[in-house]
Amino acid sequence: KPINRPACHLGSTSSARPGVSLIPCKTVSDSSEGAIMAQQAEAPSSPGHPEYMRQALSLACKSPPKPTNYRVGALLVDAKTNTVLASGYTLECEGNTHAEQSCFTKLAAAHNISEEALAGVLPEETLLYTTVEPCFKRLSGNLPCVQRILRLGTARKTVYPGIKEPEKFVGENTGRKQLEDAGI
C-alpha cells in the first residue's frame, strides 16, 4: 500500500510508527545495541558525537516500516561549527528515499539548488552520521547513497555509520571500500 506524503517533511515532528525494525528504536543511552552501534562508528571523542548518533537513531524510528527497507536515520554536520546542516530518515521524502538521500534532498531544497550542486554550498569538513552503512547499490534504480556522497567532492570528510549494512537485499556492500578509496 503506497504511503502518501508531501515531497519532503522539512522539520517533521511525527512520532515513530509501530513495526519491526533492524535498527532498535531506543536511544544509545538506554540500549546496549545502540551503544554497540555508537562504538562501531569509531568517531572522535568530541562531545557532539554520541548526541549525533542518538539523533540519527531517533530519526530512524520515524521511518515507516516496510519489508524492503531498513529504518535508517542520518545527519549532515558541519565539523567546524558543530552544527546540524540537515537530517533525514528512510522514506521521509517522496519516493523510495534513503535517509542520506533525504538529507541531501532537503538541504538542496533549502538552498534552492539541485542535489548535484550541493558541493558548492557544503562546508569543507561536512560529516555524515548514519545508523546504517550507506548503500552502494539500489534495486529501485535510484542513485546509491555512496555515489551521492562521492559527488560532494571535497565537502565530505567523514562518514560515521552505526552498523554495517546487512546482506539481505543486495549482498555484500562494497560502499565502504569505495568511500575509503576516495579518502573518506
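These numbers come from a predicted model, not from an experiment.

Participant: Help me understand the pattern of salt bridges in this model?
Facilitator: Scanning the entire structure with this criterion turns up 7 salt bridges. The salt bridge involving Lys106 is made with Glu92; its shortest N-O contact spans 2.9 Å. With Lys106 in helix α3 (residues 99-110) and Glu92 in the loop between β2 (83-89) and α3, this residue pair connects regions lying 14 residues apart in the sequence. Each member of the pair, Lys106 together with Glu92, is buried. Between Glu180 and Arg176 there is a salt bridge whose closest N-O contact spans 2.9 Å. Residue Glu180 and its partner Arg176 are both found in helix α5 (residues 175-181); the two are separated by 4 residues, about one turn of the helix.

Participant: Looking at this structure, I do not really get the pairing of strand β1 (residues 73-78). What am I missing?
Facilitator: Taking burial as the measure, the 6 residues of β1 include 6 buried ones, the bulk of the element. In sequence, β1 turns back onto β2 through a hairpin of 4 residues, with Asn82 there showing a positive phi of about 55°. Looking at chain direction, β1 and strand β3 (residues 126-132) are connected through 5 bridges and run antiparallel. Residue pairing in the sheet places Leu76 in a bridge with Leu128 of β3.

Participant: Please explain the sheet that holds β1 as it appears in this structure.
Facilitator: Pairing is mixed across the open sheet formed by 4 strands, whose spatial order is β2-β1-β3-β4. Unpaired on one side and paired on the other, β2 and β4 (156-163) mark the two borders of the sheet. Each strand of the sheet is rotated relative to its neighbour by a mean of 15°, with strand direction disregarded. When β1 meets β2, the two strands line up antiparallel, connected through 6 bridges. Bridged to Leu76 within β2 is Ala86. Packing of α3 onto the sheet brings it into contact with β1, β2 and β3, and relative to β2 it is tilted by some 125°.

Participant: Would you mind showing me how to read α3 here?
Facilitator: Structurally, the α-helix is built with 3.6 residues per turn, so residues lying three or four positions apart point the same way. Spanning 12 residues, α3 covers 17 Å between terminal C-alpha atoms, matching the ideal 16 Å at 1.5 Å per step. When you tally the buried positions in α3, you get 9 out of 12 residues, the bulk of the element. Within α3 the residues assigned to the buried category are Ala99, Glu100, Gln101, Ser102, Cys103, Phe104, Lys106, Leu107 and Ala108. Just downstream of α3, Asn112 is the residue with a positive phi angle, here 55°.

Participant: Would you take a moment to explain the packing of aromatic side chains for this structure?
Facilitator: The description of an aromatic ring pair rests on the distance of the ring centres and on the angle between the ring planes. Counted according to the given criterion, the structure contains 2 aromatic pairs. For the ring pair Tyr52 and Tyr129, a centre distance of 5.2 Å and an interplane angle of 50° mean the geometry is tilted. Placement of Tyr52 in helix α2 (residues 48-62) and of Tyr129 in strand β3 is noted, with a sequence separation of 77 residues between them. The exposure class of Tyr52 is buried, given its relative accessible area of 6%. On the accessibility criterion, Tyr129 (1% relative accessible area) is buried. Measuring from centroid to centroid gives 5.0 Å for Tyr129 and Tyr160, while their planes differ by 35°, and the two rings are tilted. Placement of the pair is Tyr129 in strand β3 and Tyr160 in strand β4, with a sequence separation of 31 residues. Among the aromatic side chains, those forming a connected cluster through ring pairs are Tyr52, Tyr129 and Tyr160.

Calculation rules
- Residues numbered from 1 in each chain as written.
- Predicted model: local features only at pLDDT ≥ 70, side-chain atom pairs only at ≥ 80, totals over all residues.
- Heavy atoms only, no water.
- Salt bridge = Lys/Arg side-chain N within 4 Å of Asp/Glu carboxyl O.
- Helix = DSSP H or I, 4+ residues; strand = E, 2+ residues; numbered from the N terminus.
- Buried < 20%, exposed > 50% of the residue type's maximum accessible area, 1.4 Å probe, protein only.
- Pairing = 2+ DSSP bridges.
- Axes fitted to C-alpha atoms, helices over the stretch in contact; angles between N-to-C directions.
- Contact = heavy atoms within 4.5 Å.
- Expected span 1.5 Å × (residues − 1).
- Phe/Tyr/Trp six-rings, centres within 6.5 Å; stacked < 30°, edge-to-face > 60°.

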